[in-house]
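Structural description and commentary
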Amino acid sequence: MTEASRADDGRDEAPPLIGPWAARPGGPLVGGARAPADKSISHRALILGALAHGETRISGLLPSADVMRTAAALRALGARIERDGNGEKAIWRVDGGPWRTPERALYFGNSGTGCRLVMGAVAGQGVDAAFDGDASLRARPMGRIAEPLERMGARIASRDGRLPLTVAPGGKGLKGVDYALPVASAQVKSAALLAGLGAAGETIIHEPAPTRDHTERMLTAFGGSIHIERAGAGRRIRVAGGQMLKPATINVAGDPSSAAFPIVAALITPGSDILISNVLMNPTRAGLYETLRDMGADLTFENERTVGGEPVADIRARHSTLKGLAVPASRAPSMIDEYPILSVAAAFADGDVYMPGIEELRVKETDRIDATVSMLKAAGVETESGPDFLRVMSGGGAPKGGARIDTRHDHRIAMSALVLGIAADEPVEIDEASMITTSFPNFAELMRRLGADIAPSA
Ligand code: S3P
């Protein structure tokens, strides 16, 4: 499609992400776009801002549905959160201070990160709160958060270790804990660290493998003290209790998990050459990019710099001939949200892509191993899977496509399916696009600007 025809049919202004959408195979993706802001960092900036006494200013916050749920919960807990300006220029002001018991249950919609991190923070702040979410979040395990919080003295009441539940600080307030995480989860680690900030004494968390470390990095920006040491294959993290955080100025870097969608789309669409700017390159998040390079992807990292205490680069992606490989299981924590889109890249690779050590995908917004297998099968791609692995088998070239995908209300399955349809032989339709707004509200606009043919299909 030429620039002129793109402008003529108004495709730069994407229709709202509601109802069924379809991606049709078309020409190359070309041009540049700024990565949407990082979701993990956005949640943390709001939560730490609400804990700090005084006014925090956040630029580049992701205004996605999940992040707005966290903002609403923090307001109910007593923080004042306001936005000045619009779009990329918006500055969010968070006036934090002592928390109060909210009048109603805090509702987190689809957001596991918001819910779990706020559970930890609530326990540490000595207030009671009830937590709830949508059907997907109600099905996800919360016992993993409850366990360290209960060891610290919090009282968590739930029927079956899931939402809805209540968190109360317990009679004597929280005590620090020495806790080894049973799973490599940044959400569990962060919940325990946030609780530890308000506990008496030190909290020590052992993680079996390094997971995203935005809470740790950002705590320093808020004047907090934190010690991190390597320990075996993982890390030991210590925070002192009773810390009073100072307000900070935070600039949120772009999300590597969201940037993955246009980048993989360019790698699999012949003739493509795109530049996605401002992508977070924190090593605890960059596993997909390492893996794609190992598969032969033509990716270059330009203009490497630091944004808000985090490494950032602009990523240039050109159409590439990809080959199969075995992804090291040890890399899983650094690309845990990227397996569905990696599987789409794998569907175009010559040779098997074997992904072991990914049992955590079974407890994401949906069972992402199962959802990915169904998506690829419908599009004519062979797979094998087990409790903790996925293998995508392809002989190179484009898969057939021509399928309607049940996204199971999972944003990353929805975006992966649309990327598949851009480069498959025949269009791919998804049953529902609305969940995409949980993490990447301008997905359609950004993809269409690069030349992708995606549109509502009903
Ligand atoms: C996140 C941690 C990961 C990830 C999620 C965001 C975070 O979850 O899947 O999308 O911001 O801490 P787990 O901690 O459950 O692995």
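Residues numbered from 1 in each chain as written. Predicted model: local features only at pLDDT ≥ 70, side-chain atom pairs only at ≥ 80, totals over all residues. Heavy atoms only, no water.

Some remarks on the packing of aromatic side chains
For the structure shown, the criterion picks out four aromatic pairs. With 5.3 Å between their ring centres and 75° between their planes, Phe440 and Phe443 make a pair best called edge-to-face. Accessibility assignment for this pair places Phe440 and Phe443 in one class, buried. Taken together through their ring pairs, the aromatic side chains of Phe261, Phe440 and Phe443 make up a single cluster. (Phe/Tyr/Trp six-rings, centres within 6.5 Å; stacked < 30°, edge-to-face > 60°. Buried < 20%, exposed > 50% of the residue type's maximum accessible area, 1.4 Å probe, protein only.)

Description of the layout of surface pockets
Vacant regions in the atomic arrangement are exposed by a probe of water-molecule size rolled over the atoms. By volume, the largest pocket amounts to about 580 Å³. As for the largest pocket, its lining consists of 36 residues, of which Ala184, Ser185, Ile336, Glu360 and Lys364 are closest to the centre. If you list the elements that add at least two residues to the lining of the largest pocket, you get α2 (39–51), α4 (112–124), α7 (186–197) and α13 (411–423). Partitioned by chemical class, the residues of the lining of the largest pocket number 10 nonpolar, 11 polar and 15 charged. A domain split of the lining of the largest pocket shows at least three residues from each of domain 1 (3–37 + 253–456) and domain 2 (39–251). Space inside the second largest pocket adds up to approximately 460 Å³. Lining the second largest pocket are 20 residues, with Ala37, Leu61, Pro63, Gly87 and Glu88 sitting closest to its centre. Within the lining of the second largest pocket, the residues separate by chemical class into 10 nonpolar, seven polar and three charged. Two domains each donate at least three residues to the lining of the second largest pocket, and these are domain 1 (3–37 + 253–456) and domain 2 (39–251). (1 Å grid on protein atoms, 1.4 Å probe; cavity = no way out; pocket = protein on both sides within 12 Å on 5 of 7 lines; lining within 4 Å. Points joined across faces, edges and corners; volume = space filled by probe spheres on them. Helix = DSSP H or I, 4+ residues; strand = E, 2+ residues; numbered from the N terminus. Nonpolar A, V, L, I, M, F, W, Y, C, P; charged D, E, K, R; others polar. Domains from an automatic or database assignment.)

Side note on the side chain of Asp255
Examined against the element boundaries, Asp255 turns out to sit in the loop between β14 (249–251) and α9 (256–268). For Asp255, a relative accessible area of 2% translates into the label buried. Within polar-contact distance, the side chain of Asp255 engages the backbone nitrogen of Lys39 at 2.9 Å. If sequence neighbours within four positions are ignored, Asp255 has contacts with Ala35, Pro36, Ala37, Asp38, Lys39 and Arg285. (Polar contact = N/O pair within 3.5 Å; in protein donor to acceptor, adjacent residues only side chain to side chain. Contact = heavy atoms within 4.5 Å.)

A look at the sheet that holds strand β1 (residues 21–24)
In space, the four strands of this open sheet follow the order β22-β23-β1-β24, with mixed pairing throughout. Both outer strands of the open sheet, β22 (401–405) and β24 (453–456), are each paired with one neighbouring strand and no more. Each adjacent strand pair in this sheet contributes to an overall mean axis angle of 15°, direction not counted. In this fold α13 packs onto β1, β22, β23 (426–430) and β24, with an angle of close to 165° to the strand it touches most, β23. (Pairing = 2+ DSSP bridges. Axes fitted to C-alpha atoms, helices over the stretch in contact; angles between N-to-C directions.)

Some details on the side chain of Thr372
Relative to the elements of secondary structure, Thr372 occurs in helix α12 (residues 368–378). For Thr372, a relative accessible area of 0% translates into the label buried. Not counting residues up to four positions away in its chain, the partners in contact with Thr372 are Pro340, Ser343, Leu390 and Ile413.

A few points about the domain arrangement of the protein chain
One can read the domain layout of the protein chain as domain 1 (3–37 + 253–456) and domain 2 (39–251). Here the C-alpha centroids of domain 1 and domain 2 sit 29 Å apart. In total, domain 1 and domain 2 occlude about 2200 Å² of area from one another, counting both sides; carbon and sulfur atoms represent 49% of this. For the pair domain 1 and domain 2, the interface holds four salt bridges. One salt bridge in this structure joins Arg212 and Asp337, with 3.5 Å as the shortest N-O distance. Taken together, domain 1 and domain 2 are joined by 13 residue pairs in polar contact (both at pLDDT 80 or more). For the side of domain 1 that touches domain 2, the secondary structure elements donating two or more residues are β17 (310–318) and α13. Of the residues belonging to the side of domain 1 that touches domain 2, the class tally is 12 nonpolar, nine polar and nine charged. (Buried area = accessible area lost by both parts, 1.4 Å probe. Salt bridge = Lys/Arg side-chain N within 4 Å of Asp/Glu carboxyl O.)

Let's talk about the site of the ligand
Residues in contact with the ligand, as listed here, are Ser40, Arg44, Thr113, Ser185, Ala186, Gln187, Arg212, Ile336, Asp337 and Lys364. One nitrogen or oxygen atom from the side chain of Ser185 is found 2.6 Å from an oxygen atom belonging to the ligand. In this structure, an oxygen atom belonging to the ligand sits 2.7 Å away from a side-chain N or O atom of Asp337. About the coverage of the ligand: the protein hides 95% of its 380 Å² of free accessible area. (Near = heavy atom within 4 Å. Areas by Shrake-Rupley, 256 points an atom, 1.4 Å probe, with all protein chains shown as cover.)

Re the packing of α4 against helix α6 (residues 143–151)
Remark: α4 packs on α6, axes separated minimally by 10 Å, with the N-to-C direction vectors making an angle of 15°. Between α4 and α6, the interaxial angle falls into the category roughly parallel. Between α4 and α6 lies a crossing of right-handed hand. Here Arg116, Met119, Gly120 and Ala123 of α4 come into contact with α6, specifically with Arg144, Ile145 and Leu149. Across the contact of α4 with α6, the residue classes break down as four nonpolar, one polar and two charged. (Parallel < 35°, antiparallel > 145°, perpendicular 65-115°, else oblique. Left-handed = near helix turned anticlockwise from the far one by under 90°.)

Overview of unusual backbone geometry
Cis rather than trans, the peptide bond between Leu163 and Pro164 has omega equal to -5°. As for its placement among the helices and strands, Pro164 is situated in the loop between β8 (155–158) and β9 (165–168). At Asn278, a residue that is not glycine, the phi angle is positive and equals roughly 70°. Locating Asn278 in the fold gives a position in strand β15 (residues 273–280). Among the residues examined, Asn278 registers a relative accessible area of 5% and is labelled buried. Despite not being glycine, His409 has its phi angle at roughly 60°, a positive value. Tracing the backbone shows His409 in the loop between β22 and α13.

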